[in-house]
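Breakdown of the fold
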Amino acid sequence: VQTNTYYNGFHLYFSEGKHPNMNSQQQSGNGCNHQGPNQNHKLETVELPEMQVLPMPIPDPPIQYTKLFINNEWHESCRGGKIPVYNPATGKLLCEVEEADNEDVDKAVRSARAAFEMGSLWRSMDASDRGQLLTRLADLVERDRLLLATLEALDSGKVFLMAYFVDLMATIKTLRYYGGWADKIHGKTIPVDGEYFTYTRHEPIGVCGQIIPWNFPVMMFAWKIAPALCCGNTVVIKPAEQTPLSALHMAALIKEAGFPPGVVNVVPGYGQTAGCAISHHMDIDKVAFTGSTAVGKLIQKAAGDSNLKRVTLELGGKNPNIVFADCDLEYAVEQAHSGLFFNQGQCCLAGSRVFVEEPIYKEFVRRSVEKAKSKVLGNPLLPGVDQGPQIDQKQFDKIMELIESGKREGATLECGGAVWGHPGLFIQPTVFSNVTDDMRIAKEEIFGPVQQIMCFRSVHEVIQRANTTHYGLAAGVFTSDIDKALTVSSALQAGMVWVNCYNAMSAQCPFGGFKMSGNGRELGEYALQEYTEVKAVTIKISQKNS
Amino acid sequence: GRDSALFRLNRLPARHFSAAAIPAPNTQPDVHYNKLFINNQWHDAVSGKTFPTINPATGEVICQVAEADEADVEKAVKAARDAFRLGSPWRRMDASHRGLLLNRLANAIERDAAYLAELETLDNGKPYAVSYTVDIPNVVKCLRYYAGWADKWEGKTIPIDGDYFCYTRHEPIGVCGQIIPWNFPLLMQAWKLGPALATGNTVVMKVAEQTPLTALYVASLIKEVGFPEGVVNILPGMGPSAGAAIARHMDVDKVAFTGSTEVGHLIQQASGSSNLKKVTLELGGKSPNIILSDDAVEQSHFALFFNQGQCCCAGSRTFVQADIYDEFVERSVERAKRRVVGNPFDLKTEQGPQVDQEQFNKILGYVSSGKREGAKLMCGGGVAADRGYFIQPTVFGDVQDNMTIAREEIFGPVMQIFKFKTVEEVLTRANDTKYGLAAAVFTKDIDKANYVSSGLRAGTVWINCYDVFGAQAPFGGYKASGTGRELGEYGLDNYTEVKTVTIKVPQKNS
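Residues numbered from 1 in each chain as written. Chains lettered and ligands numbered in written order. Predicted model: local features only at pLDDT ≥ 70, side-chain atom pairs only at ≥ 80, totals over all residues. Heavy atoms only, no water.

Turning to the environment of Gly194 of chain A, a few remarks are in order. All names here are of chain A. By the element assignment, Gly194 lies in the loop between strand E5 (189-190) and strand E6 (196-204). Given a relative accessible area of 30%, Gly194 falls into the partly exposed group. Separated by 85 residues in the primary sequence, Gly194 and Val109 place their C-alpha atoms 43 Å from one another. (Helix = DSSP H or I, 4+ residues; strand = E, 2+ residues; numbered from the N terminus. Buried < 20%, exposed > 50% of the residue type's maximum accessible area, 1.4 Å probe, protein only.)

In structure tokens, the structure reads:
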């Protein structure tokens, strides 16, 4: 069992009633703290399993930052637009945030361009100092971890403890990881033919537009800015209109950490206006987008229509999770459950097609239903709750509509399938069995707490079926047979394959999609390629020697 | 600035650090630790022996320090081996957490920078301003640099022929013996610990008997930041006893040594006659500094005199083209005469004492040989104070390649200047040495810069600069200057065993 990854630590906490950190201590037996240097030390006491020592959200946290962050200053929107920001658990308005539009994006791009000028503070800075700034930002996020987790839970409806242990931990680790890369992005010297000396420089691309989604607001913010800044780019980042608050707090920390003005600009806004302005902008050198495949296509087109900016995309998925009869059944049920229901099902990685081998199919469904029924829905700020609301009415309606289609097209609704509570946008954990590959719930990304379980008979068959999709983001395989594990994992068309685990992610490991799940990779060393231009410099020399 | 290159060594932005903001030193820092550090605990030597460590500026004893020998090395190796066993806290730790521990160590050293700089100056004699602005910041940077590598030292998956899946794991070597010198005590400690710990090894480090104090203080910080017991063990002791015990130990998997070429031979021999432990060596140099342009006086002065001339990479053969030779010598002499020698705690001091009586005597012996063999003593050559180990900045002109001072490492403030006519000639002469550590060329001509830099047989070549070190750039020697490289990504290789894992698969697909 992995405990040192973003998600599974969380799963262990919920499935076993233990703090993930305690679990890793038991495993390694050393009491070393895998969570970070300055975390709440109360968490490491012997009273770990007791609820009162868990972090608690800050009651009525102050919302300090609601404006556009351009050139290290707070700006009002040029046109005066405002975005209402709601708490999806209650439907209540949290605050209004300045809305960025074309002119604001222009302003932000000018500021990012100026910060990128030759000879600027940022361009002439030592790479190791760029790394130190990212490390310092990680320290500040750690300092403000409770506040950020609270804002994140309020704004996105995700479970507070999940935000604290998963999203914020991942954010801190990602910033630290890329802090370390900054001065290790090596060019090469190359033995070219002839009397020449050739070397490459890995230069930043320039001004990067980054458009991020609402499902992991602060973590996606870190995934985007960390590699971009580590390579020396400047950034104009648009957080989702649903969840701008943690990004604006991050902006304040970026300034506090000492990044020069203009290096990072944060412009909350809508996709059709601010997002569109970024993707069409003639002075943005690269755009990175995380979101739906439908919008990914628009981004790619916009790059083609404008200045051929570089494009990286992290898009949707309909990820197969393949469970063979020879696996550890209870563990596989638990992993498949959390692989789908994690974050209210709002994950591009969600294992939303669970293929189970025929001999264990019935039992697998039975246990999965039991697990889904045991889920506690409620106010995501309260301990003991493990599923919050969906993000907004639009998503809510889409999920309910797909549930209806599942029923209509003949899948067996095993549990859930309806609204839960009132008010708020809660949906009961839902399990469908007897799902066939042609149903809409087997083909479309639902992005909600709805699990589809299919039956298969052979390795060959399941590989075929798993790959029959436009998507290719992630996949899982559960088996104790090494040959099956290696055969299936190499045959699957997916950017990530997990064997006997699911959602096991870390900053070191690349993430991205085959086919229509995206272009390029985030995280790991691979992400650095997406934020660098390679320049080959060739110098005529008088005489070459080996 | 006084030494422009000195400040380039330390190009931290003003917000981190400013040379103008050197805090006034406490000239009598307390010594907190003087015992052996084994298993995160302080131990007396098994023999009960101690040795005095001396303030080279006065010749007075600072304190007694526990003296490790073979029995203590045995204890330390056992601790390191235990910390390295499969399933130990250190072996099971996430690589990113190893990095975090190194980052915390860097932060703790930065917090205690002034104290460490004081202690370094007290024990070693180097000017406090240099300890504070060069040694300490570079220690911090080195540790941070390797902290970042810990979770980025990636193996590969390899497309071998046949129905196999093949990958490599980069595993730590095991228990590493590390023997470090007295000229940059803290910095050499960081250069050794950074890559060894980033890659997951455990360490038994012997620090030089002349300068054990700062290393022992850092040991206390290693414990403070949370390294598990036995991961780092630090033993002050003598080379022939403790050093030799490490080099020939049957349960030490690797030994890394920085010091003289003479002792480097012994280390390599000891490996051969014991368990064939991996050996990396950073040894002596007689590094050529080739001057084709006339604005290199200050840089060449710095290249030799930095750190009282006690640098393995000292530019100790300054080759100057004939047309600018006379003026260059004249200005170099003038600069050497201006060099401020004195109390190392005085912020104006450029040059402190040599590290000990033995080095002091050896350097004065070389000065005599230079005079005897016919080199022209242009300035200095004598003792610079009536107590402590101070030597006058010394410049020899008209040095010939066959003189002792042209061939042997002096390791003191003694500059040799040679005349040359053509680039081909100087390249031949520059390479005519058993050493190959560093070299430099000063010219604005791009063709000459490329030609000379690729022709020099040296592990480091500087063009229009000298002594520019970055934690990111590898450092090490050709020929008898050493084996392997420290710093940079290359430094990781020397602390890694590569394991190839090959798995039979039913059917391979691209």
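Across the contact, 37 residues belong to chain A and 33 residues belong to chain B. When chain A packs against chain B, close to 3100 Å² is buried across both sides, 50% of that on carbon and sulfur atoms. Between the two partners, chain A and chain B, sit six residue pairs in polar contact (both at pLDDT 80 or more). Within the residue set of the side of chain A that touches chain B, elements represented by two or more residues are helix H2 (20-28), helix H4 (127-143), helix H6 (160-181), helix H16 (482-491) and strand E22 (532-540) of chain A. Across the side of chain A that touches chain B, the residue classes tally to 11 nonpolar, 16 polar and 10 charged. (Contact = heavy atoms within 4.5 Å. Buried area = accessible area lost by both parts, 1.4 Å probe. Polar contact = N/O pair within 3.5 Å; in protein donor to acceptor, adjacent residues only side chain to side chain. Nonpolar A, V, L, I, M, F, W, Y, C, P; charged D, E, K, R; others polar.)

We now examine the UniProt feature "domain: Aldehyde dehydrogenase" (unreviewed entry) in chain B. UniProt feature "domain: Aldehyde dehydrogenase" (unreviewed entry): in the numbering of this structure it lies at residues 42-501 of chain B. End C-alpha to end C-alpha, residues 42-501 of chain B measures 41 Å, and it is 41% helix and 20% strand. (UniProt positions renumbered as here; feature names shortened; annotations may be inferred.)

All names here are of chain B. By secondary structure assignment, the location of Lys277 is in the loop between helix H10 (261-273) and strand E11 (278-282). Although Lys277 is buried, it forms no salt bridge, and the closest oppositely charged side chain is Asp253 at an N-O distance of 8.7 Å. A polar atom in the side chain of Lys277 sits 2.8 Å from the backbone oxygen of His249. Apart from the residues within four sequence positions on either side, Lys277 is in contact with Ile246, Ala247, Arg248, His249, Val252, Asp253, Lys254, Val255 and Ser271. (Lys, Arg positive; Asp, Glu negative; His and termini not counted. Salt bridge = Lys/Arg side-chain N within 4 Å of Asp/Glu carboxyl O.)

Before going further, it helps to examine unusual backbone geometry. Residues and elements named next belong to chain A. Of note in the backbone geometry, Leu308 takes a positive phi value of approximately 55° without being a glycine. With respect to the helices and strands, Leu308 occurs in the loop between helix H10 (293-305) and strand E11 (310-314). Judged by its relative accessible area of 60%, Leu308 is exposed. With phi around 60°, Asn503 is a residue other than glycine that occupies positive phi space. Residue Asn503 is classed as buried on the basis of its relative accessible area of 1%.

Quick look at the UniProt feature "active site" (unreviewed entry) in chain B now. All names here are of chain B. Cross-referencing UniProt, the feature "active site" (unreviewed entry) maps to Glu282 in the present numbering. When you line up the elements, Glu282 lands in strand E11. Sequence-distant contacts of Glu282, that is, excluding residues within four places in its chain, are made with Phe257, Thr258, Gly259, Leu437, Phe475, Gly476, Gly477, Ser481, Gly484, Arg485 and Glu486.

Let us look at the state of the cysteines. Counted under the stated rule, the structure contains zero disulfides over all chains. With no disulfide of its own, Cys347 of chain A lies 6.9 Å from the sulfur of Cys348 of chain A, the closest cysteine sulfur. No disulfide involves Cys176 of chain B; its sulfur sits 15 Å from that of Cys142 of chain B, the nearest cysteine. Given the relative accessible area of 0%, Cys176 of chain B is considered buried. (Disulfide = S-S within 2.5 Å.)

This part is about the sheet that holds strand E6 (residues 164-172) of chain B. All names here are of chain B. Pairing is antiparallel in the open sheet, where three strands are placed in the order E5-E6-E20. Only two strands of the sheet have a single partner each, and these edge strands are strand E5 (157-158) and strand E20 (496-504). Summarising the sheet, E6 and E20 pair through nine bridges and their orientation is antiparallel. The residue bridging Phe165 from the neighbouring strand is Ile503, located in E20. (Pairing = 2+ DSSP bridges.)

Residue and element names in this part refer to chain B. Tallied over the entire structure, the rule returns 51 salt bridges over all chains. Among the salt bridges present, the one from Arg339 reaches Glu350, with a minimum N-O distance of 3.9 Å. Highlighted residues: Arg339 in the loop between helix H12 (322-338) and helix H13 (357-372) and Glu350 in the loop between H12 and H13, separated in sequence by 11 residues. Glu350 matches Arg339 in its accessibility class, with the two residues each being buried.

With that out of the way, let us pick up the confidence of the model for chain A. Overall, the prediction assigns chain A a mean pLDDT of 91, with 90% of residues at 70 or greater. In this model, residues 1-51 of chain A is a region of pLDDT below 50 whose contacts with residues beyond four sequence positions or in other chains number 123 contacts. (pLDDT = per-residue confidence, 0-100.)

Residues and elements named next belong to chain A. Examined at the domain level, chain A breaks down into domain 1 (68-315 + 522-533) and domain 2 (320-506). Across the contact, 23 residues belong to domain 1 and 26 residues belong to domain 2. Across the interface of domain 1 and domain 2, roughly 1900 Å² is buried in total on both sides, 67% from carbon and sulfur atoms. For the pair domain 1 and domain 2, the number of links is zero salt bridges. At the boundary of domain 1 and domain 2, one finds five residue pairs in polar contact (both at pLDDT 80 or more). For the side of domain 1 that touches domain 2, the elements supplying multiple residues, two or more each, are helix H5 (145-156) and H6. Per-element tally for the side of domain 1 that touches domain 2: the top contributor is H5, with four residues. When its residues are assigned to classes, the side of domain 1 that touches domain 2 shows 13 nonpolar, seven polar and three charged. (Domains from an automatic or database assignment.)

All names here are of chain B. In terms of domain boundaries, chain B breaks down into domain 1 (36-283 + 484-497) and domain 2 (288-472). Distance from the C-alpha centre of domain 1 to the C-alpha centre of domain 2: 30 Å. In this assembly, 33 residues from domain 1 lie in contact with 31 residues from domain 2. Regarding the contact of domain 1 and domain 2, the summed buried area is about 2400 Å², with carbon and sulfur atoms giving 65% of it. Its largest share of buried area at the contact with domain 2, domain 1 owes to Pro56, Pro127 and Trp182, together 21% of the area lost on that side. Remark: the boundary between domain 1 and domain 2 carries one salt bridge. Put simply, Glu60 and Arg387 hold a salt bridge, and the shortest N to O gap is 3.3 Å. The interface formed by domain 1 and domain 2 includes eight residue pairs in polar contact (both at pLDDT 80 or more). Only helix H5 (113-124) and helix H6 (128-149) provide two or more residues apiece to the side of domain 1 that touches domain 2. Residue contributions to the side of domain 1 that touches domain 2 peak at seven residues, all from H6. For the side of domain 1 that touches domain 2, a count of residues per class yields 16 nonpolar, 10 polar and seven charged.

What follows deals with the UniProt feature "active site" (unreviewed entry) in chain A. Residue and element names in this part refer to chain A. UniProt marks Glu314 with the feature "active site" (unreviewed entry), using the numbering shown here. Looking at the secondary structure, you find Glu314 in strand E11. Excluding anything up to four places from it in sequence, Glu314 contacts Phe289, Thr290, Gly291, Leu473, Phe511, Gly512, Gly513, Ser517, Gly520, Arg521 and Glu522.

Residue and element names in this part refer to chain B. With five of its five residues buried, strand E17 (residues 438-442) lies for the most part within the structure. Examined bridge by bridge, strand E12 (residues 288-291) and E17 share three bridges and lie parallel to one another. Residue pairing in the sheet places Ile291 in a bridge with Phe442 of E17. Where E17 meets strand E18 (residues 460-463), four bridges bridge the pair, whose relative direction is parallel.

Let us now look at the UniProt feature "domain: Aldehyde dehydrogenase" (unreviewed entry) in chain A. Residues annotated in UniProt with the feature "domain: Aldehyde dehydrogenase" (unreviewed entry) correspond here to residues 74-537 of chain A. The span residues 74-537 of chain A is 40% helical and 20% strand by assignment, and the distance between its end C-alpha atoms comes to 41 Å.

Glancing now at the environment of Pro240 of chain B. All names here are of chain B. Within the element layout of this structure, Pro240 appears in helix H9 (residues 239-247). According to the relative accessible area criterion, Pro240 is exposed, its value standing at 74%. For Pro240 and Asp123, which are 117 residues apart along the polypeptide, the C-alpha to C-alpha distance reads 21 Å.

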